[in-house]
Amino acid sequence: MLTYERIYAVVRQIPPGQVATYGQVAELAGLIGKPRLVGYALYRVDMTTDDVPWQRVINAKGEVSESPLRHGSDYLQRAMLEDEGIEFDHRGRIDLGKYKWRPPDSVIEQALAAFGENLG
DNA sequence: GAAATGACTCAAC
DNA sequence: CGTTGAGCCATTT
């Protein structure tokens, strides 16, 4: 289960007003090449709590993903992002070049430290 | 243990 | 730019 916590930890590092892609989170979470795990983890996130800002995690296309189980709350996620100052394209896409989260070295160092714990 | 699922990503046309 | 196909592996049943 630490795998998920790793992802949550990274997602929590995402500051408001910015978005990160699954690949980005996966890379920082040590799940390089396994973006699906991130998506799966976010799906498992208990959105009833604010533990993880899953809303700031989108796909590499800059679109806000949605799940059939999430049906109906897709607009809610968009609203939350808009509330953070993020603008959506006419197609519902976000300008990653403007809003994509740029992980600071501190986060990378933390990630590396986390890897060490796991890698042994 | 084995099969099925999945909020994705990269590459090719 | 949009669609199609293959890769990835932990979680779930």
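Conventions we followed
- Residues numbered from 1 in each chain as written.
- Chains lettered and ligands numbered in written order.
- Predicted model: local features only at pLDDT ≥ 70, side-chain atom pairs only at ≥ 80, totals over all residues.
- Heavy atoms only, no water.
- Helix = DSSP H or I, 4+ residues; strand = E, 2+ residues; numbered from the N terminus.
- Buried < 20%, exposed > 50% of the residue type's maximum accessible area, 1.4 Å probe, protein only.
- Contact = heavy atoms within 4.5 Å.
- Areas by Shrake-Rupley, 256 points an atom, 1.4 Å probe, with all protein chains shown as cover.
- Phe/Tyr/Trp six-rings, centres within 6.5 Å; stacked < 30°, edge-to-face > 60°.
- Lys NZ or Arg CZ within 6 Å of the ring centre and 35° of its normal.
- Salt bridge = Lys/Arg side-chain N within 4 Å of Asp/Glu carboxyl O.
- pLDDT = per-residue confidence, 0-100.
- Core = buried A, V, L, I, M, F, W, Y, C linked by side-chain atoms within 4.5 Å.

For the rest of this paragraph, the subject is the overall build of chain A. Regarding its fold elements, chain A presents 6 helices and 2 strands. For chain A, the proportion of its 120 residues judged to be buried stands at 41%. In chain A, once contacts between residues fewer than 6 apart in sequence are set aside, the share between residues at least 24 apart is 67%. Of the roughly 7600 Å² that chain A leaves accessible, carbon and sulfur atoms contribute 50%.

So, on to the environment of Gly85. With respect to the element layout, Gly85 can be found in the loop between helix H4 (74-83) and helix H5 (96-99). Using a relative accessible area of 40% as the deciding quantity, one classes Gly85 as partly exposed. The spacing of Gly85 and Tyr99 is 14 residues in sequence and 9.5 Å in space, taken between C-alpha atoms.

What the rule picks out here adds up to 2 aromatic pairs. Note on Tyr40 and Tyr43: the rings are 6.2 Å apart at their centroids and 40 degrees apart in plane angle, and the pair reads as tilted. A residue pair is termed a helical-turn pair when its members lie 3 or 4 positions apart in one helix, as Tyr40 and Tyr43 do in helix H3 (residues 35-44) at 3 residues. The exposure class assigned to Tyr43 is partly exposed, which follows from its relative accessible area of 37%. Positioned above the aromatic ring of Phe88, the side-chain terminus of Arg78 is 5.6 Å from the ring centre.

Our focus in this paragraph is the pattern of salt bridges. Opposite charge on two side chains allows them to pair when their charged atoms are near. Overall, the coordinates contain 1 salt bridge when judged by the stated rule. The salt bridge involving Glu84 is made with Arg56; its shortest N-O contact spans 2.9 Å. Residue Glu84 is found in the loop between H4 and H5, and its partner Arg56 is found in the loop between H3 and strand E2 (57-58); the two are separated by 28 residues along the sequence. Arg56 sits in the buried class, given a relative accessible area of 13%.

Once that is clear, we can look at the confidence of the model for chain A. Per-residue pLDDT for chain A averages 85, and the proportion of residues at 70 or more is 89%. Here helix H6 (residues 105-119) stands out as the element of chain A with the lowest mean pLDDT, 77, in contrast to strand E1 (residues 20-21), whose mean of 94 is the highest.

Three- or four-residue spacings in an α-helix give side chains the same orientation, since the helix completes a turn every 3.6 residues. Along helix H2 (residues 22-29), 6 of the 8 residues are buried, which leaves the element largely enclosed by surrounding structure. Regarding H2, the residues found buried are Tyr22, Gln24, Val25, Ala26, Leu28 and Ala29. Directly after H2, the chain includes Gly30, whose backbone phi takes a positive value near 85 degrees.

Moving on, we get to the nonpolar core. Membership of the largest hydrophobic core comes to 22 residues, with the highest contact counts inside it found for Ile7, Val11, Val25, Val38 and Leu42. Contributing elements (two or more residues each) for this core: helix H1 (2-13), H2 and H3. If we ignore the near neighbours within four places in the chain, the residues touching Val38 are Ile7, Tyr22, Val25, Ala26 and Leu31. If you look at the next biggest cluster of nonpolar residues, it comprises 9 residues, including Val64, Ile86, Phe88 and Tyr99.

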